[in-house]
Amino acid sequence: MRRCWGALAALLLTGCATGPSLENQGAVTAAPGDSRHLTIGSAGFTESDLLAQMYALLLDQAGYRTSLLTVANRELYEPALESGQIDVVPEYAATFADWLNAKTHGADAAPVGSPDLGATMTALRRLAAPRGLTVLDPGRAVDQNAFAVAASYAREHDLRTLSDLGASGLTVRLAAGDECVQRPYCAPGLKKTYGIGISGVDPKGVGTTQAKRAVQSGHDQMVLTTTTDATLSDFGLVLLADDKHLQNADYIVPVVNRARAGSEGVTKALGKLNAVLTTADLASMNQQVDSWRRLARDVARAYLEDKGLLK
């Protein structure tokens, strides 16, 4: 398998290239392509690198030649996906649906991503198809916003879910990003959906070391992070389950350029991951890279071999 990192300059030089126009229905309905050399895109953070490596390994085994390309900005890699400079990229269903919706209908367009996976996927596929993109099926793995507390705090107050916290009558100070004050999935949603009292938002960012230390020390009582955060245990923190489904359905989905990678061969190869990959698996792999300093390609290969997906 050939690995190709960088090449960002090439993308920038050809950044005006686009996929089929929204009016070009022939491009949308054309037969799916099956290029034998595919470029797998990564957004440059650990989880995206791991997913891209697993996609490449599975496609290699299916007889494709693959290259990996890191482009850390969705504003760059999504047009490259439309134009065929990138053929496959791991994405997040609700986030990508809202991003495409804003690109299509303007920044003020009402969100189409929601906690309902079926509705989110329908909206996402409707937005992706006119751009020559095919969204493959999601698996079980999801990387959503999540809330964590100190394990000792959870034990003391018998907390396992966000509903437990709401029912406890406890008021918490929340370490999160500035936007948490207004975002419906954050402070307002915690109050409305769970009845959780928020005494204030401590603007330390989403899942940052600073934010986790604030909860570890007791300065704050809860932190906004993600479901695949690999370092919670390092700070003595545990997630509270989002049992009323406040968060959007950010299930991991492969998105492909239909004209180059829309074939049954690609779909079948990548679909094998859906049967095994879980949120917990992703968190474990993230930890191996972020905390144990293992290489993403080695962790990805070991995981696929352990699950029997690589010969």
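Residues numbered from 1 in each chain as written. Predicted model: local features only at pLDDT ≥ 70, side-chain atom pairs only at ≥ 80, totals over all residues. Heavy atoms only, no water.

**A few points about the packing of aromatic side chains**
Within a pair of aromatic rings, the relevant descriptors are the distance that separates the centres and the angle that separates the planes.
Line of reasoning, step 1. Summed over all chains, the structure comprises 2 aromatic pairs.
Line of reasoning, step 2. On the basis of an interplanar angle of 25° and a centroid distance of 6.5 Å, the ring pair of Phe45 and Tyr92 is categorised as stacked. In this pair, Phe45 sits in the loop between β1 (37-42) and α3 (46-61) while Tyr92 sits in strand β3 (residues 88-92), placing the two residues 47 residues apart along the sequence.
Line of reasoning, step 3. Ring centres of Phe96 and Trp99 lie 6.4 Å apart, and the angle between their planes is 10°; on these two criteria the pair is classed as stacked. With Phe96 and Trp99 both in helix α5 (residues 93-105) and 3 residues apart, the pair spans about one turn of that helix. Like Phe96, the residue Trp99 is buried in the burial classification. (Phe/Tyr/Trp six-rings, centres within 6.5 Å; stacked < 30°, edge-to-face > 60°. Helix = DSSP H or I, 4+ residues; strand = E, 2+ residues; numbered from the N terminus. Buried < 20%, exposed > 50% of the residue type's maximum accessible area, 1.4 Å probe, protein only.)

**Regarding the pairing of β1**
Line of reasoning, step 1. Counted residue by residue, β1 has 5 buried out of 6 residues, so it is predominantly covered.
Line of reasoning, step 2. In terms of handedness, the path from β1 via α3 over to strand β2 (residues 65-70) forms a crossover that is right-handed. (Right-handed = clockwise from strand over helix to strand, strands pointing away.)

**Observations concerning the environment of Asp143**
Line of reasoning, step 1. Its location among the elements puts Asp143 in the loop between β4 (133-135) and β5 (145-150).
Line of reasoning, step 2. Of the residues examined, Asp143 reaches a relative accessible area of 14% and is grouped as buried.
Line of reasoning, step 3. When the C-alpha positions of Asp143 and Tyr92 are compared, they lie 7.6 Å apart, and in sequence the two are 51 residues distant.
Line of reasoning, step 4. Setting aside its immediate chain neighbours within four residues, Asp143 contacts Glu47, Tyr92, Thr226, Thr227, Thr228 and Asp250.
Line of reasoning, step 5. Separated by 3.0 Å, the side chains of Asp143 and Thr228 make a polar contact. (Contact = heavy atoms within 4.5 Å. Polar contact = N/O pair within 3.5 Å; in protein donor to acceptor, adjacent residues only side chain to side chain.)

**Some thoughts on empty space enclosed by the protein**
Line of reasoning, step 1. A full pass over the atoms with the stated rule returns 1 cavity of 30 Å³ or more.
Line of reasoning, step 2. Of the voids in this model, the largest cavity is the one considered here, and its volume is about 100 Å³.
Line of reasoning, step 3. Around the largest cavity, the lining residues are Leu51, Tyr55, Gly139, Arg140, Ala141, Ile252, Pro254, Leu270, Leu273, Asn274 and Leu277.
Line of reasoning, step 4. With 3 residues, helix α12 (residues 264-274) is the single largest residue contributor to the lining of the largest cavity.
Line of reasoning, step 5. Here the lining of the largest cavity is composed, by residue class, of 8 nonpolar, 2 polar and 1 charged. (1 Å grid on protein atoms, 1.4 Å probe; cavity = no way out; pocket = protein on both sides within 12 Å on 5 of 7 lines; lining within 4 Å. Points joined across faces, edges and corners; volume = space filled by probe spheres on them. Nonpolar A, V, L, I, M, F, W, Y, C, P; charged D, E, K, R; others polar.)

**Section: unusual backbone geometry**
Line of reasoning, step 1. Positive phi values are uncommon outside glycine, yet Asp158 reaches one of about 55°.
Line of reasoning, step 2. Tracing the backbone shows Asp158 in the loop between α7 (151-157) and α8 (162-168).
Line of reasoning, step 3. Non-glycine residue Arg293 carries a positive phi angle of around 65°.

**Some points on the nonpolar core**
Line of reasoning, step 1. In this structure, Ile40, Met54, Leu273, Leu277 and Leu304 are the most contacted members of the largest nonpolar core, which totals 36 residues.
Line of reasoning, step 2. Contributions of two or more residues to this core are made by β1, α3, β3, β10 (252-257), α12, α13 (279-290) and α14 (296-306).
Line of reasoning, step 3. Looking at this core element by element, the count peaks at 9 residues for α3.
Line of reasoning, step 4. Those residues in contact with Leu277 that sit more than four places away from it in its chain are Leu51, Met54, Arg140, Ala141, Leu282, Met285 and Tyr303.
Line of reasoning, step 5. By size, the runner-up hydrophobic cluster in this structure holds 31 residues, among which are Val149, Leu159, Leu224 and Leu240. (Core = buried A, V, L, I, M, F, W, Y, C linked by side-chain atoms within 4.5 Å.)

**Regarding the sheet that holds strand β7 (residues 197-203)**
Line of reasoning, step 1. Strands sit in the order β7-β6-β8-β5-β9 across an open sheet of 5 strands; the sheet is mixed. The strands lining the two open edges of the sheet, one partner per strand, are β7 and β9 (237-240). Pairwise comparison of adjacent strand axes, ignoring direction, gives a mean angle of 40° for this sheet.
Line of reasoning, step 2. Sheet topology note: the β5/β9 ladder contains 4 bridges and is antiparallel. Of the residues in β9, the one forming a bridge with Phe147 is Leu240.
Line of reasoning, step 3. Where helix α9 (residues 187-194) meets the sheet, it contacts β5, β6 (171-176), β7 and β8 (222-226), and its direction lies at approximately 165° from that of β7. (Pairing = 2+ DSSP bridges. Axes fitted to C-alpha atoms, helices over the stretch in contact; angles between N-to-C directions.)

The quantities given are spatial measurements derived from coordinates; they are silent on function.
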